[in-house]
Amino acid sequence: MILSGEKTEEYRTVSGYWFERLMAFIEVDGKKYFTGGFRQFDTITFSNGYALDRDQFVIQSKDIEFGKGFEKWGAEHGKKYFVLKLGRVWVSERS
């Protein structure tokens, strides 16, 4: 659905794991401070599994926000997520 352009959002659970990866921090004297915003990414690489010869594609990252997702795209009803706003596919590779 993402590769066809039909699905324009991807969801990640609001957790410490994703907070560390998606939120912006600065480091001062060895201490990390939250800046109050999201990190900015030009692209996102999606992989199918963990094998070295897995299928992958790279897609434009438009924005990140907090919100509820669409159930038809895999979100749970009423649950809040990190919502990754997706743009155009840049590279699609099949191994």
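Quantities reported herein were computed from a predicted structural model and do not represent experimental measurements.

Observations regarding the overall build of the protein
Scanning the protein from terminus to terminus reveals one helix and six strands. For the protein, the spread of C-alpha atoms along the principal axes amounts to about 45 × 35 × 25 Å. Looking at the protein residue by residue over its 95 residues, the buried ones come to 26%. Of the side chains in the protein, 15 bear a positive and 14 a negative charge, and the two mean positions are spaced by 3 Å.

Some details on the nonpolar core
Membership of the largest hydrophobic core is limited to eleven residues, which are Ile2, Leu22, Met23, Ile44, Phe46, Phe57, Ile59, Ile64, Phe82, Leu84 and Leu86. For this core, the elements supplying multiple residues, two or more each, are β4 (43-47), β5 (56-68) and β6 (80-93). Excluding residues within four positions of it along the chain, Phe46 makes contact with Ile2, Glu10, Arg12, Asp55, Gln56, Phe57, Ile59 and Leu86. Residues Tyr11, Ala75, Tyr81 and Val83 belong to the second largest nonpolar core, which totals five residues.

As for the pairing of strand β3 (residues 31-38)
As paired elements, strand β2 (residues 23-28) and β3 share five bridges and run antiparallel to each other. Paired with Glu27 across the strands is Lys32, a residue of β3. Hairpin geometry of β2 and β3 is characterised by an intervening segment of two residues between the two adjacent antiparallel strands and by a positive phi of about 50° at Asp29.

Details of the packing of aromatic side chains
Applying the stated criterion across every chain yields a total of ten aromatic pairs. Look at Phe25 and Phe34: their rings are 5.7 Å apart centre to centre, the planes differ by 55°, and that puts the pair in the tilted class. The structure contains a cluster of three or more aromatic residues connected by ring pairs, namely Phe19, Phe25 and Phe34. The side chain of Arg21 reaches across the aromatic face of Tyr17, ending 3.5 Å from its centre. Above the face of the Phe25 ring, Lys32 is positioned so that its terminal group lies 4.8 Å from the ring centre.

About the cut-offs
Residues numbered from 1 in each chain as written. Predicted model: local features only at pLDDT ≥ 70, side-chain atom pairs only at ≥ 80, totals over all residues. Heavy atoms only, no water. Helix = DSSP H or I, 4+ residues; strand = E, 2+ residues; numbered from the N terminus. Buried < 20%, exposed > 50% of the residue type's maximum accessible area, 1.4 Å probe, protein only. Lys, Arg positive; Asp, Glu negative; His and termini not counted. Charge placed at Lys NZ, Arg CZ, Asp CG, Glu CD. Core = buried A, V, L, I, M, F, W, Y, C linked by side-chain atoms within 4.5 Å. Contact = heavy atoms within 4.5 Å. Pairing = 2+ DSSP bridges. Phe/Tyr/Trp six-rings, centres within 6.5 Å; stacked < 30°, edge-to-face > 60°. Lys NZ or Arg CZ within 6 Å of the ring centre and 35° of its normal.

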